[in-house]
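Residues per chain, in single letters:
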Amino acid sequence: MKQWLAGLEPRERKLVLALAGMMVIAVGYYFLIQPLAQRFEMAEKGVKRETQLLSWVQESAAKIVILRGANGVKPAARNRSVSQIINTSAARYKLTVNRIQPQNNKLQVMVDHVQFSVMLQWLQALQLQHGLTVDVADFRRENESGFVKVRLLVSQ
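A. Fine view of the sheet that holds strand β4 (residues 147-155). The antiparallel open sheet is built from four strands, whose spatial order is β1-β2-β4-β3. The open sheet has two edge strands with one neighbour each: β1 (97-103) and β3 (133-141). Each neighbouring strand pair of the sheet contributes to a mean axis angle of 15°, computed without reference to strand direction. Alignment of β3 against β4, held across eight bridges, turns out to be antiparallel. Bridge pairing links V134 to V154 in β4. Its contacts with the sheet put helix α4 (residues 116-128) on β2 (106-115), β3 and β4, and the angle it makes with β2 is roughly 150°.

This is how it looks when you write it as structure tokens:
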């Protein structure tokens, strides 16, 4: 390669070196700079989308708090304990609670072999009708389609 380059006229050598330099710049642009710029643009769009989602969630949370107050959501600790509320509402949804175990100021509730849709309805009732908060919900799929095993951490 050096011999070939040395065999060229000085003007041709400058032209070949200039072309080689342009090729290096073009390859660097198309394989390094352009993909990085595209990823940066995608990241900016993602941040904007997540920021919009956050503001929507905050607005919705504020509306939920207002609506809960307007609809008179019952506080859980009025006349019954949290475990009583869980047991009676589970019976209303024909759920069998396997275990209720205190954990700090919360209750850990275990339910086996329950339909996923029924479980979601029950969780909604616990929150909206009884004023309980489900801090953690761990769902595990069972062998039968549509059924799950659930571990909940519930507080007032």
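B. Looking closely at the pairing of β1. With six bridges joining them, β1 and β2 adopt antiparallel strand pairing. Paired with V97 across the bridge in β2 is V111.

C. The pattern of salt bridges, seen in detail. If you walk through the whole model with that rule in mind, you get four salt bridges. Salt-bridge contacts for K106 lead to D135; the nearest nitrogen and oxygen are separated by 3.3 Å. One end of the pair, K106, is in strand β2; the other, D135, is in strand β3, with 29 residues separating them in the sequence. By relative accessible area, which is 31% here, K106 ends up partly exposed. Residue classification places D135 among the partly exposed residues on the basis of a relative accessible area of 34%. In this structure, the salt-bridge partner of R151 is D138, at a minimum N-O distance of 3.9 Å. Residue R151 is located in strand β4, and its partner D138 is located in strand β3; the two are separated by 13 residues in the primary sequence.

D. Just helix α3 (residues 82-92), in detail. Within α3 the residues assigned to the buried category are V82, I85, I86, S89 and A90. Seen from one end, α3 has its buried residues packed into an arc of 120°, which puts them on one side. Looking at the buried positions of α3, the neighbouring elements they touch are β1, β2, α4 and β4. K94, located one to two residues past α3, shows a positive phi value of around 60°.

E. Region of interest: the nonpolar core. Formed by 21 residues in total, the largest nonpolar core has its most connected members in I86, V109, W122 and L152. Those elements giving two or more residues to this core turn out to be α3, β2, α4 and β4. With five residues, the single largest contributor to this core is α4. When sequence neighbours within four positions are dropped, the list of residues in contact with W122 reads I86, S89, A90, Y93, L95, V109, V111 and L152.

The rules behind these values
Residues numbered from 1 in each chain as written. Predicted model: local features only at pLDDT ≥ 70, side-chain atom pairs only at ≥ 80, totals over all residues. Heavy atoms only, no water. Pairing = 2+ DSSP bridges. Helix = DSSP H or I, 4+ residues; strand = E, 2+ residues; numbered from the N terminus. Axes fitted to C-alpha atoms, helices over the stretch in contact; angles between N-to-C directions. Contact = heavy atoms within 4.5 Å. Salt bridge = Lys/Arg side-chain N within 4 Å of Asp/Glu carboxyl O. Buried < 20%, exposed > 50% of the residue type's maximum accessible area, 1.4 Å probe, protein only. Arc of directions from axis to C-beta. Core = buried A, V, L, I, M, F, W, Y, C linked by side-chain atoms within 4.5 Å.

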